[in-house]
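Examination of the molecular architecture
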2 protein chains.
Amino acid sequence: MDNKNLVLGIDIGGTNTVLGLVDEAGKIFAKETLPTNGRNSAADFFERLFGLYSKLLINAPKDSSIIGIGIGAPNGNFYKCTIENPPNLNWGHINVAEVVKKYINVPVAVTNDANAAALGEMKFGAAIGMKNFVEITLGTGLGSGIVVNGELVYGHDGFAGEIGHTNVKPNGRLCGCGMKGCLETYVSAPGIKRTVFKLMSVVKVESHLRDVTFNQMDSKMIFDAAKEGDIIALEAFDYTAKILGMALAGTAAYLSPEAIIIFGGLANAGDFLLEPVKHYMEENLFPAFRNKVKILPSGLKEGDAAVLGASALIWHELNK
Amino acid sequence: MDNKNLVLGIDIGGTNTVLGLVDEAGKIFAKETLPTNGRNSAADFFERLFGLYSKLLINAPKDSSIIGIGIGAPNGNFYKCTIENPPNLNWGHINVAEVVKKYINVPVAVTNDANAAALGEMKFGAAIGMKNFVEITLGTGLGSGIVVNGELVYGHDGFAGEIGHTNVKPNGRLCGCGMKGCLETYVSAPGIKRTVFKLMSVVKVESHLRDVTFNQMDSKMIFDAAKEGDIIALEAFDYTAKILGMALAGTAAYLSPEAIIIFGGLANAGDFLLEPVKHYMEENLFPAFRNKVKILPSGLKEGDAAVLGASALIWHELNK
């Protein structure tokens, strides 16, 4: 058998970090998770990370070579190969290329998780063969990765693709970024929860959701309530879909993508979200774009998506 | 002297069409204008156009060769080299490559005027050396050309860059496209006029603009009134700048451009528009982008911009 080329895909999250060895067909040979422990230093983190990496290598196929490392991380800057003051991680400014070189000397690429997800989608998921599409990741925030002519849009400083922080309502909901009315304050797991609480304050209809505290409620509860026909949950999904659909009409006007791909927990709410998003987007679309832009669910398996995205980033670079 | 390479730049407007011979340094050797006469057929138009082209050739330097044609036209599709049902022109669907071949057999490229202006800016104007920027053209509408990694964003179907038709106000002003609340209904020559009339209906302050009919008023009158301290005109500029600044904060979040360049009659209103646009953009910007995105006036001379943009389009292709 030939020597098998693999890459190391690393997804650094606020809570956990996942790493895995991935071949070019998207097969994951070994995967590990570690707590990110962002209060400790970055040096401590990378020490633990590469400890686990040694463990992964034991499970790698014989005769395999690790030929690159792709990293998805908050505030990952592709141009500089840095992680710059990531929110919730007490790391400051990390020169990733330098840190990694201490452990293994192969090409490294860094970007944020939504950009990595977009590349994962293009290599292994719903965007195979596409050159112009937008990936929207719904989780604690709304992330986005924009692909134009088969390449990620990094912009002048490496941080393009912050669709979650476009304004959808002047003086709207306060966002973690300090602004008001950002898209992600409406469209994200916390966003739909905020909508449920707003609706409970406005309408009188009964709902089991009225027995759950703000801190206990999560988007899965809202999804489950919607499936049972709960009016407030259904209304919350419709409102979320409306805000997202209107925003994506704008995305289409900017970029005229072949598809907009929705990834993340909320995206699994299928007909409660994706169908009405499509409807509201079409309703607000510049006529020339109508019935041209697909709204698709991610083609990446949720548990593997982060590692696949990070590995796609470095596969993309290695194939240039 | 060496054989001199020139291109023919053609800007097809709703009313007039301008054509000129341009070298790679942006020098225009000869220029002509003809009425577009969009009620007549496209065949008639191109017949007249290439009649004038023969006239241009007489004024071209000796030993010059025409090596390409660039065309800026409403609904110009770069991918297909077509003009597709241009508004206000009774032409239907034009296969430009085929039509032009009857007259001259050189490479041809087509796009819309805002995209052409963006390329003109990159080759000859305020965006020389930039790889990531956005051109905004203010006229009877708001056009935009997006440049990422040194290339125009055409999107999946060739029609990307319709920032003028992103929504800035749900159920806002009726737009020519049939939608409501499009950016260009607020930010354009007719947009600022609509704002003046709205303001006259709301406030009581005196203004010379109250003596002008809607059909007679143009944006130059509003600019002149603003220079004289007219409160309504000043307020109208401020409102226009506010809407544009907020929209451009969104543009920055999508694309993280080095600069946003404003072109067109209204852009000449300098401190009445560009300065407050910058202010309102910064106020609404995702923190990571603050003080990074320049707002610049066009570096193209207004009378020459259209021809320079169209010629830049084909120079860009010829140099690939």
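Moving on, we come to the sheet that holds strand β4 (residues 64-72) of chain B. Residue and element names in this part refer to chain B. In space, the 5 strands of this open sheet follow the order β3-β2-β1-β4-β8, with mixed pairing throughout. In this open sheet, the two strands that pair with only one neighbour each are β3 (28-35) and β8 (108-111). The average undirected angle you get between the axes of adjacent strands in this sheet is 20°. Pairing between β4 and β8: 4 bridges, direction parallel. Paired with Gly72 across the bridge in β8 is Thr111.

Here the focus is the relation of the copies chain A and chain B. With an RMSD of 0.0 Å, the operation that places chain A on chain B is a rotation of 180° combined with a shift of 0.0 Å along the axis. Viewed as a symmetry operation, the transformation between the two copies matches a two-fold axis.

So, about the domain arrangement of chain A. Residue and element names in this part refer to chain A. Domains assigned within chain A are domain 1 (4-120 + 303-318) and domain 2 (129-298). For domain 1 and domain 2, the distance between their C-alpha centres works out to 27 Å. Every contact between the two is made by 15 residues of domain 1 and, on the other side, 19 residues of domain 2. Where domain 1 meets domain 2, there are 0 salt bridges. At the junction of domain 1 and domain 2, the tally comes to 3 residue pairs in polar contact (both at pLDDT 80 or more). The element contributing the most residues to the side of domain 1 that touches domain 2 is helix α3 (residues 113-124), with 5 residues.

The next point concerns the environment of Met221 of chain B. Residue and element names in this part refer to chain B. Positionally, Met221 belongs in helix α5 (residues 219-227). On the basis of relative accessibility, which here comes to 31%, the residue Met221 falls in the partly exposed class. Spatially, the C-alpha atom of Met221 lies 9.0 Å from that of Ala233, the residues being 12 residues apart in sequence.

The next subject is the packing of aromatic side chains. One pass over the structure, following the stated rule, counts 29 aromatic pairs over all chains. Ring geometry for Phe78 of chain B against Tyr154 of chain B: centres 4.2 Å apart, planes inclined by 0°, an arrangement best described as stacked. Highlighted residues: Phe78 of chain B in the loop between β5 (76-77) and β6 (82-84) and Tyr154 of chain B in the loop between β11 (151-152) and α4 (189-202), separated in sequence by 76 residues. Across the pair, exposure class does not vary: Phe78 of chain B and Tyr154 of chain B are buried alike. Among the aromatic side chains, those forming a connected cluster through ring pairs are Phe45, Phe46 and Trp91 of chain A. For the cation-ring pair, Lys227 of chain A lies above Phe223 of chain A, with the distance from its terminal atom to the ring centre recorded as 4.4 Å.

Listed per partner, the contact involves 40 residues of chain A and 40 residues of chain B. When chain A packs against chain B, the two sides together hide about 3100 Å² of surface, and 64% of this comes from carbon and sulfur. Linking chain A with chain B are 2 salt bridges. Between Lys292 of chain B and Asp157 of chain A there is a salt bridge, with the nearest N and O atoms lying 2.7 Å from each other. Here the side of chain A that touches chain B takes 7 residues from helix α6 (residues 231-255) of chain A, the largest share from any one element. A breakdown of the residues in the side of chain A that touches chain B according to their chemical character gives 23 nonpolar, 11 polar and 6 charged.

The pairing of strand β1 (residues 4-12) of chain A with strand β4 (residues 64-72) of chain A spans 7 bridges and is parallel. Its bridge partner lying in β4 of chain A, Asp11 of chain A is registered against Gly72 of chain A.

Let's shift gears to helix α1 (residues 42-59) of chain B. All names here are of chain B. Here α1 spans 26 Å end to end across 18 residues, near enough to the 26 Å set by a 1.5 Å rise per residue. Of the residues making up α1, those classed as buried are Ala42, Phe45, Phe46, Leu49, Phe50, Leu52, Tyr53 and Leu56. All buried residues of α1 lie within an arc of 160° about the axis, which places them on one face of the element. When the buried face of α1 is taken as reference, the exposed residues oriented beyond 90 degrees from it are Ala43 and Ile58. Check the buried side of α1 and you find it contacts β1 (4-12), β2 (16-22), β3, β4, β7 (93-95) and α2 (96-101).

Residues and elements named next belong to chain A. Secondary-structure assignment places Thr82 in strand β6 (residues 82-84). Engagement of the side chain of Thr82 in a polar contact is seen with the side chain of Glu84, the distance being 2.8 Å. Thr82 has contacts with Asn75, Gly76, Asn77, His93, Ile94, Asn95, Val96 and Val110, leaving out every residue within four places of it along the chain.

Under the counting rule described, the total for this entry stands at 28 salt bridges over all chains. Where Lys294 of chain B meets Glu258 of chain B, a salt bridge forms, and the shortest distance between an N and an O atom there is 3.3 Å. Highlighted residues: Lys294 of chain B in strand β13 (residues 294-297) and Glu258 of chain B in the loop between α6 (231-255) and β12 (259-263), separated in sequence by 36 residues. Through salt bridges with shared partners, a single network forms among Lys31, Lys301 and Asp304 of chain A.

This next bit is on the sheet that holds β6 of chain B. Residue and element names in this part refer to chain B. Taken in spatial order, the 3 strands line up as β5-β6-β7 in an open sheet, and their pairing is antiparallel. The open sheet has two free edges, formed respectively by β5 and β7, since each of these has just one partner strand. Alignment of β5 against β6, held across 2 bridges, turns out to be antiparallel. Bridging across to β6, Gly76 finds its partner in Ile83.

Rules behind the numbers
- Residues numbered from 1 in each chain as written.
- Chains lettered and ligands numbered in written order.
- Predicted model: local features only at pLDDT ≥ 70, side-chain atom pairs only at ≥ 80, totals over all residues.
- Heavy atoms only, no water.
- Pairing = 2+ DSSP bridges.
- Helix = DSSP H or I, 4+ residues; strand = E, 2+ residues; numbered from the N terminus.
- Axes fitted to C-alpha atoms, helices over the stretch in contact; angles between N-to-C directions.
- Least-squares fit on C-alpha atoms with pLDDT ≥ 70 in both.
- Domains from an automatic or database assignment.
- Contact = heavy atoms within 4.5 Å.
- Salt bridge = Lys/Arg side-chain N within 4 Å of Asp/Glu carboxyl O.
- Polar contact = N/O pair within 3.5 Å; in protein donor to acceptor, adjacent residues only side chain to side chain.
- Buried < 20%, exposed > 50% of the residue type's maximum accessible area, 1.4 Å probe, protein only.
- Phe/Tyr/Trp six-rings, centres within 6.5 Å; stacked < 30°, edge-to-face > 60°.
- Lys NZ or Arg CZ within 6 Å of the ring centre and 35° of its normal.
- Buried area = accessible area lost by both parts, 1.4 Å probe.
- Nonpolar A, V, L, I, M, F, W, Y, C, P; charged D, E, K, R; others polar.
- Expected span 1.5 Å × (residues − 1).
- Arc of directions from axis to C-beta.

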